[in-house]
Amino acid sequence: MSVVLEARDLHRHFGGVKAVNGVSFAVEEGEILGVIGPNGSGKSTLFNCLLGQIPPSAGQVLLDGQDVTGMKPLELNRRGVSRTFQLLQVFPQLSARENLILAGQEHIGSRMKRLFGKSDAGLTDAANHMLEQFKLSHVADLLAGGLSYGQQKLLDAAMAFMAGPRLVLLDEPAGGVNLSLLGSFRERLRAMNAQGGSTFVVIEHNMDFVMSLCTRVMCIAEGKVIANGKPDDVRNDPTVIEAYLGH
Amino acid sequence: MNQPHRVLPLALGLLLVAGLAGSLLQPYEVYLISLWAVYTISALGLNLTLGFAGQISLAQASFVGFGAYATALLLPHGVPFGVTLVIGAAISFILGILLGFPALRVQGHYLAFVTLALATIAFLVFRNESWLTHGTSGIDKIARPFPFTSGVAYMWLCLGSLALVTLGVWWLLRSPWGRAFLALRENPVRAASLGIDVRTYTLLAFAIGAALGGVSGALFAPLGQYIEPSEFALPLSFSLLLMVVVGGSGTFMGPFLGAIVSVALPEVLRSLQDYYLLIYGIIVILLLVFSPDGVVGIIARAVARLRPAAAPVEPTP
Ligand SMILES: Nc1ncnc2c1ncn2[C@@H]1O[C@H](COP(=O)(O)OP(=O)(O)OP(=O)(O)O)[C@@H](O)[C@H]1O
Ligand SMILES: [Mg+2]
């Protein structure tokens, strides 16, 4: 197995706050890596540094062994990296289906061809398929802004998969998703991972969800990796329990 | 009213009605209808830039000016009108790209000021470079292209051009580009993370909007057959901005309706003489207070009330 994503001694400071304080880890192809840690421990900031959203203060990010530190999100997306943000970011004025088409359209043909080609860039079938997989078919034509929070959250995650990415970073995808939907959502992510051969990194506070979904879990506290290993080992790691209780 | 594919027949029908009405009316009304068509083309352009892509511009009048001057200056040299129109649109397109660059760095009020500065520079060029533009004495005797020499025939040319522009804008908005513009306006950060090239689309939004300003200017020059710099100064930019906002920014029908208000209201209020501007201003303010989504918003709500059974009409952005 080859390493897809690697962080080498990443740092990100906000004034005196050391949000990310020397993080190193690697993700191998096909893995689902869970990232847990107390609120404010630096998980989202780590994502933002990995994905070019904010430049790291120091350290390196490697994609397939190539240095991509500080590369812009657009360029990373073109290299097959996809993400969601912690705060919901669907386009409320587009329908659920249109959101998915938007998420895939820039990866089809050239810009000129898209202007003169079909309105849906030929993606309606793919979007419908995705809607079905995420159990959103019944709301396909509704404006995303009118969907329930949980439905928007599912749509947001589905958008990350429209372009057939090889690396997907999800920031709290299960937050706000109804318990009864969580199980199928987890199976959906598993299946995506298995079929597409893509690699996931998932930040999540829902322990049961993380532990049952991920092949490996990494715990971050105060900007540092304090545990990294099999889900059960991390769950029972005294330093992890201490980090959670301490807050 | 926000879905271009649903309201396209409405827009084209409006053009046809305007043309048929104009054919029965007096020369002054024919002139007003032509002017409406010309302004609407420019407002459609600004609506792409501002309403759909979310980039404010106070320089739209300058692009109308480039189009108007290109036509007025080239026609006497025997260049056919169709060619002068394309040249005017091309100049505006290129200068529109240049205007787009500041938008990659600043947004909102700051962008408004940058475009204001560029509009001022363009006005100074129109006014002071008299070797090229004839300065404040302007350019007169601008010939209308054969066979559109009569007022009514020229009105049909303006309306026909507007129909083509309408079809073009409709096509653009329903294409993936339209979706990308909306994404750019709503959430550029998320857009970039989905592979949407925010930089290129921003420049395109400015360039296409500007090019339509140029087309509008090319039609404007032979309409009054005389142009001078002050016609393309800030008041026109503000007026075009008002058309977009009053009509309903980011809606397909907005520019058509906004331009009607802009052309017709002054005529209706003319009898008020000195009070006209005051009343006009008050009407616009009231409209925007009670319907921030403009005339389109009022109509959409009225339609929704008349057809309670139909799908609820979501307030337009
Ligand atoms: N743009 C910013 N400017 C200043 N401080 C910031 C900024 N972004 C994050 N921080 C700080 O960095 C620290 C880590 O924040 P981050 O959002 O990465 O935490 P998190 O682990 O994602 O938390 P949560 O689980 O609550 O989402 C916090 O103390 C936060 O206040
Ligand atoms: Mg977070």
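Okay, so let's go over this structure. (Residues numbered from 1 in each chain as written. Chains lettered and ligands numbered in written order. Predicted model: local features only at pLDDT ≥ 70, side-chain atom pairs only at ≥ 80, totals over all residues. Heavy atoms only, no water.)

The subject of this paragraph is the overall build of chain A. For chain A, the count of helices and strands is 10 helices and 10 strands. On C-alpha atoms alone, chain A measures out to a radius of gyration of 18 Å, which is about the 18 Å that the 2.2 N^0.38 rule sets for 247 residues. Within chain A, buried positions represent 53% of all 247 residues. By sequence separation, contacts in chain A at least 24 residues apart represent 67% of the contacts at least 6 residues apart. Within the structure as shown, chain A displays about 10,500 Å² of accessible surface, and the carbon and sulfur contribution to it stands at 52%. Positive and negative side-chain charges in chain A, numbering 23 and 25 respectively, have mean positions lying 5 Å apart. (Helix = DSSP H or I, 4+ residues; strand = E, 2+ residues; numbered from the N terminus. Rg over C-alpha atoms; globule rule 2.2 N^0.38 Å. Buried < 20%, exposed > 50% of the residue type's maximum accessible area, 1.4 Å probe, protein only. Contact = heavy atoms within 4.5 Å. Areas by Shrake-Rupley, 256 points an atom, 1.4 Å probe, with all protein chains shown as cover. Lys, Arg positive; Asp, Glu negative; His and termini not counted. Charge placed at Lys NZ, Arg CZ, Asp CG, Glu CD.)

Roughly 610 Å³ of volume is contained in the second largest pocket. If you trace the second largest pocket, you find 20 residues lining it, with K72 of chain A together with L104, A192, V198 and R199 of chain B closest to the centre. Mapped onto the lining of the second largest pocket, the elements with two or more residues apiece are α2 (73-78) of chain A together with α4 (81-103), α9 (188-193) and α10 (198-224) of chain B. Across the lining of the second largest pocket, the residue classes tally to 11 nonpolar, five polar and four charged. (1 Å grid on protein atoms, 1.4 Å probe; cavity = no way out; pocket = protein on both sides within 12 Å on 5 of 7 lines; lining within 4 Å. Points joined across faces, edges and corners; volume = space filled by probe spheres on them. Nonpolar A, V, L, I, M, F, W, Y, C, P; charged D, E, K, R; others polar.)

With 13 residues, helix α14 (residues 294-306) of chain B ought to run about 18 Å at 1.5 Å a step, and its terminal C-alpha atoms sit 19 Å apart, in line with that. Summarising the contacts, the buried residues of α14 of chain B are in contact with α11 (234-247), α12 (254-268) and α13 (276-290) of chain B. (Expected span 1.5 Å × (residues − 1).)

Taken together, S44 of chain A (OG) and Q86 of chain A (OE1) make up the full set of protein donors to the magnesium ion (ligand 2), lying 1.9 to 2.0 Å away. With S44 of chain A in helix α1 (residues 43-50) and Q86 of chain A in the loop between β6 (81-83) and α3 (96-105), this pair connects stretches of sequence that are 42 residues apart. (Donors = N, O, S within 2.8 Å, 3.2 Å for Na, K, Ca; no water.)

Moving on, we come to empty space enclosed by the protein. Under the defined criterion, the tally for this structure stands at two cavities of 30 Å³ or more. In terms of lining residues, the largest cavity is bounded by L51, P73, L76, N77, V81, S82 and R83 of chain A together with S193 of chain B. Of all the secondary-structure elements, those providing two or more residues to the lining of the largest cavity are α2 and β6 of chain A. Volume-wise, the second largest cavity comes out at about 50 Å³. Residue lining of the second largest cavity: L5, L50, L51, V61, L63, V68, L76, V81 and L167 of chain A, and that is the complete set. Looking at the lining of the second largest cavity residue by residue, the classes come out as nine nonpolar, no polar and no charged.

Residue and element names in this part refer to chain B. Contact geometry of α12 with α13 gives a least axis separation of 10 Å together with a crossing angle of 140°. When you trace α12 past α13, the crossing you get is right-handed. In this structure, α12 contributes V261, S262, L265 and P266 to the contact, and α13 contributes Y276, Y280 and I283. Here the contact of α12 with α13 is composed, by residue class, of six nonpolar, one polar and no charged. (Axes fitted to C-alpha atoms, helices over the stretch in contact; angles between N-to-C directions. Left-handed = near helix turned anticlockwise from the far one by under 90°.)

This next bit is on the nonpolar core. Generally speaking, soluble globular proteins have nonpolar side chains that are buried together. Formed by 150 residues in total, the largest nonpolar core has its most connected members in F134 of chain A together with W36, F181, L219 and I227 of chain B. Sorting elements by how many residues they give to this core places helix α2 (residues 27-52) of chain B first, with 15 residues. Non-local contacts of W36 of chain B, meaning those with residues more than four positions away in its chain, are made with L14, L15, A18, L159, L162, F256, A259, I260 and V263 of chain B. (Core = buried A, V, L, I, M, F, W, Y, C linked by side-chain atoms within 4.5 Å.)

The subject of this paragraph is the sheet that holds strand β8 (residues 199-203) of chain A. Residue and element names in this part refer to chain A. Spatially, the six strands line up as an open sheet ordered β6-β7-β8-β3-β9-β10, and their pairing is mixed. Only two strands of the sheet have a single neighbouring strand rather than two, namely β6 and β10 (224-229). For this sheet the average axis-to-axis angle between neighbouring strands, irrespective of direction, equals 15°. Relative to strand β9 (residues 216-221), strand β3 (residues 32-36) is paired through four bridges, and the arrangement is parallel. Following the sheet pairing, L33 is matched in β9 by R216. (Pairing = 2+ DSSP bridges.)

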